Amino acid sequence: MEAKSKILLIDDEEVVLDSCTQILAGGPYQVATASDGTAGLRLVQEFQPDLVFVDLKMPGISGFDVMEKVHTMDPTIVMVVITGFATISSAVDAMKRGAYDFLPKPFTPEEFRLITCRSLEKRKLVLETIALRQEKEMLREHFAHIVSHELKAPLSAVQQSLFALEFELSKTLSESQKEKLERAKIRIDDLIKLINSWLRVISVDINKLKEGFTQISVKDEISKALDNLELYAVRKDIEIVTSIGDVLHPVIGDGLSLSEAFVNIIGNAIKYSHDGSRIVVNAKENGTDVVISIQDNGVGISEEDLPHIFDGFYRGKSGQAMATGHGIGLAVSRQIIEAHNGSIVVESELGKGTTFTVRLPKWSNQP
Amino acid sequence: MAKRLLIIDDDPDFVSGIKAILDTAGFEVDVAYDPKEGLQALQRQPYDLLLLDIMMGRGAEGVMIARKLRKDAKLREMPVLIITGMREQIAFLFPGEPIHPHFVEVDELVEKPVEPNLLLEKVNSLIQAAEERKAGVS
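All figures in this text were calculated on a predicted structure; none of them were measured in a lab.

K.L.:
Would you mind going over the overall build of chain B with me for this structure?
P.N.:
Helix and strand content of chain B: four helices and five strands. Listing the helices and strands of chain B from first to last along the sequence gives β-α-β-α-β-α-β-β-α. In chain B, buried positions account for 51% of the 138 residues. In chain B, of all internal contacts separated by at least 6 residues, the share reaching a separation of at least 24 is 70%. Carbon and sulfur atoms make up 51% of the accessible area of chain B, which totals about 6800 Å².

What follows is the structure, encoded as structure tokens:
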């Protein structure tokens, strides 16, 4: 049998308490009453109601104050206001302080029953939402665990063995054997990178970055990103041309995550560039911002895909060679840049190329 | 004389990949496949370097080993190279950039899988740093 719903009535008029208790008698309810705010609040703690009816005008603590306190004790408790002076403004006030509904006196038993049912339904929904949210959080953690252990660990072991094979056989392998090994290594590396991006999305709270913000040189972070991507660019025979102002104003932020964002964006440009083409990375000041643009002459992004490329877990239908992990890196990058109070926009034409433009506010002494 | 290394890692497939590289490079390599076995090996004889996995058994048992090393006057001097798969704990990494977890005086962290050249570079530089430190202290 389902537990009875607990209802607390707080009103200084005994006749209201009595009649409401009468109306609810025989239903699947457990009812408690209090004749003033202080007693009511004590009962909220002892009785742990699902639903509280509060009279607005009582001697002692006002109904509004009771509501505020109940809300801080347990925001999932549903509250309904009973009042003798039903005005629009008091109704609005009550709603603002967390009331779910409003019952003007006098009311009929039918009205009271109806509002009780509706409010308890609301309470059920609130609790279900919380349970679902917890379940989702648990699934997310489990997923992170499964991904990191069951998927990444075996891939790392395979890759490590390939490394070892290549190292041991470096003098005996023929060119074509080396090439096969290289291909295997690259594909596994792509998979590991993809898993790392998933883990990043799942497990890191990017907004916490703000706690560790310091003065950052955009030039340094771009250089680090370019170092990181050098091999990748060389492999595709892509020339990266940089034009970065030497006296570029610093920005405020987290260096590691900014260079991560640049790795993602420039890496994306390399991925979708044709072999042997060129990418231009440009950084300059513009008013109160530092503006970084990354321009490629690659496959481009179609008009229908363009609005979605920062969505994460999104991969376009058009364009060629939509390789692994397209969306996640860009989604993470946008989160990082937005955590820096910056912005990222993209312009693209299918078959012509893509330009990403990142704006980061300049560092200043003013908070 | 060849340097003696100990690997503590519970993934035999991963260990075989690491060990092959270190063997080929001329190191003498012992392996322990669980934390308990690893601690026993460390008590039995001195090693020039420890390669330590973090996530073993029921959790971060590698961290427990590192904490025990710190409390041991003799083992504290041994350099440690932590090789971990849990990138999500250490955010974004640049391959090759030194990360010092500071479990013991001389340590560094690299991510699984680790390229042969990077592995050997880290192993050699950690052993050298520990030797220099020892020479400077005594």
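Next comes the rest of the write-up.
K.L.:
How should I be thinking about the sheet that holds strand 7 (residues 239–244) of chain A in this particular structure?
P.N.:
Adjacent strands of a sheet pair through backbone hydrogen bonds, lying either parallel or antiparallel. Residues and elements named next belong to chain A. One open sheet accounts for five strands, arranged 7-9-10-12-11; its pairing is mixed. The open sheet has two edge strands, strand 7 and strand 11 (343–349), and neither has a second partner. This sheet shows a mean twist of 15° between the axes of neighbouring strands, independent of strand direction. In terms of strand pairing, strand 11 meets strand 12 (residues 353–361) through seven bridges, oriented antiparallel. Within strand 12, the position partnered with Val346 by the bridge is Phe356. Where helix 7 (residues 218–235) meets the sheet, it contacts strand 7, strand 9 (278–286) and strand 10 (289–296), and its direction lies at approximately 175° from that of strand 7. Sheet contacts for helix 8 (residues 255–271): strand 7, strand 9, strand 10, strand 11 and strand 12; angle to strand 10, the most-contacted strand, approximately 25°.

K.L.:
Sorry, what's going on with helix 2 (residues 35–44) of chain B here?
P.N.:
Residues separated by three or four positions in an α-helix point in the same direction, a consequence of the helix having 3.6 residues per turn. Residues and elements named next belong to chain B. Buried residues of helix 2: Pro35, Gly38, Leu39, Ala41 and Leu42, and no others. Buried residues along helix 2 cover an arc of 160° about the axis, so they all sit on one side. Structural note: helix 2 exposes Lys36, Gln43 and Arg44 on the side pointing more than 90 degrees away from its buried face. Next to the buried residues of helix 2 lie strand 1 (4–8), strand 2 (28–32), strand 3 (49–52) and helix 3 (61–71). The N-terminus of helix 2 is capped by Asp34, whose side-chain oxygen sits 3.0 Å from the backbone nitrogen of Lys36.

K.L.:
Before we go on, may I ask you to explain the side chain of Thr83 of chain A in this structure?
P.N.:
Residue and element names in this part refer to chain A. Its place among the elements puts Thr83 in strand 4 (residues 78–83). According to the relative accessible area criterion, Thr83 is buried, its value standing at 0%. Not counting residues up to four positions away in its chain, the partners in contact with Thr83 are Asp55, Leu56, Phe102, Leu103, Pro104 and Lys105.

K.L.:
Which parts of the structure should I look at to understand the interface of chain B and chain A?
P.N.:
Put simply, an interface is often sized by how much accessible area is lost when its parts join up. Listed by partner, the interface residues are 26 residues for chain B and 24 residues for chain A. Carbon and sulfur atoms make up 67% of the area that chain B and chain A hide from each other, which totals about 2100 Å². On inspection of chain B and its partner chain A, the count reaches one salt bridge. Residues Glu111 of chain B and Lys152 of chain A are paired through a salt bridge, measuring 3.5 Å at the closest nitrogen-oxygen approach. In this structure, the connection of chain B to chain A is made through two residue pairs in polar contact (both at pLDDT 80 or more). When contributions to the side of chain B that touches chain A are tallied by element, the ones reaching two or more residues are helix 1 (12–24) and helix 4 (116–137) of chain B. When residues in the side of chain B that touches chain A are grouped by element, the largest group, eight residues, is from helix 1 of chain B. Looking at side-chain class alone, the side of chain B that touches chain A contains 13 nonpolar, five polar and eight charged residues.

K.L.:
What exactly am I supposed to notice about helix 8 of chain A here?
P.N.:
For helix 8 of chain A, with 17 residues, the first-to-last C-alpha span of 24 Å sits near the 24 Å given by 1.5 Å per residue. The element helix 8 of chain A is extensively covered by neighbouring structure, given that 14 of its 17 residues are classed as buried.

K.L.:
Sorry if this is basic, but what is going on with the pattern of salt bridges here?
P.N.:
A side chain of one charge can pair with a side chain of the opposite charge if their charged atoms are brought near each other. Residue and element names in this part refer to chain A. Tallying each qualifying case throughout the model produces 26 salt bridges over all chains. In this structure, Arg334 and Glu338 form a salt bridge, with 3.9 Å as the shortest nitrogen-oxygen distance. Here Arg334 pairs with Glu338, and both are found in helix 9 (residues 326–339), just four residues apart, close to one helical turn. Classification of Arg334 by relative accessible area gives partly exposed; the value is 30%. Look at Glu338 and you get partly exposed, because its relative accessible area is 44%. Because the salt bridges share partners, they merge into one network encompassing Asp11, Glu13, Asp55 and Lys105.

K.L.:
Explain the sheet that holds strand 3 (residues 51–55) of chain A to me, please; I cannot follow it from the model alone.
P.N.:
Residues and elements named next belong to chain A. The strand order across the open sheet built from five strands is 2-1-3-4-5, with neighbouring strands paired in parallel fashion. Strands at the two margins of the open sheet, each flanked by one partner only, are strand 2 (29–34) and strand 5 (101–104). The sheet shows a mean angle of 20° between the axes of neighbouring strands, taken without regard to direction. Relative to strand 2, strand 1 (residues 5–10) is paired through six bridges, and the arrangement is parallel. Residue pairing across strands places Lys6 opposite Gln30, the latter belonging to strand 2. Across the sheet, helix 1 (residues 14–24) is in contact with strand 1 and strand 2; its angle to strand 2 comes to roughly 175°.

Each value, and the rule that gives it
For every chain, the first residue of the written sequence is number 1, and numbering continues from 1 onward in sequence order. As they are written, the chains are lettered A onward and the ligands numbered 1 onward, keeping that order. It should be noted that, the model being predicted, local features are given only for residues of pLDDT at least 70 and side-chain atom pairs only at 80 or more, the latter also being counted only at that level, while totals for whole chains, interfaces and linings use all residues. Values reported for side chains reflect all heavy atoms of the structure, with hydrogen atoms and water molecules removed beforehand. Here a strand is any run of E in DSSP of at least two residues, a helix any run of H or I of at least four, and the numbering for each starts at the N terminus. Type-normalised accessible area, obtained with a 1.4 Å probe on protein chains alone, sets the label of each residue: buried when under 20%, exposed when over 50%, and partly exposed for intermediate values. We call two residues in contact whenever any of their non-hydrogen atoms come within 4.5 Å of each other. Surface accessibility follows the Shrake-Rupley procedure with a 1.4 Å probe radius. Residue values consider only the protein chains on display as shielding. Between any two strands, pairing holds if DSSP finds at least two bridges. The convention used is that axes are lines fitted to C-alpha atoms, helices contributing only their stretch in contact, and that angles between N-to-C directions extend from 0 to 180 degrees. Regarding the arc, it is the one traced by the directions from the helix axis to the C-beta atoms. Identification of polar contacts relies on pairs of N or O atoms within 3.5 Å, with a donor-acceptor requirement for protein atoms, meaning one able to donate a hydrogen and the other able to accept it, and with residues adjacent in sequence counted only if both atoms are side-chain atoms. Accessible area that two parts lose when put together, with a 1.4 Å probe and added across both, is what the buried area reports. When a carboxyl oxygen of Asp or Glu is within 4 Å of a side-chain nitrogen of Lys or Arg, the pair counts as a salt bridge. All residues other than Ala, Val, Leu, Ile, Met, Phe, Trp, Tyr, Cys, Pro, Asp, Glu, Lys and Arg, Gly among them, are scored as polar; the first ten of these are nonpolar and the last four charged. Expected span, for any helix, means 1.5 Å times one less than how many residues it has.

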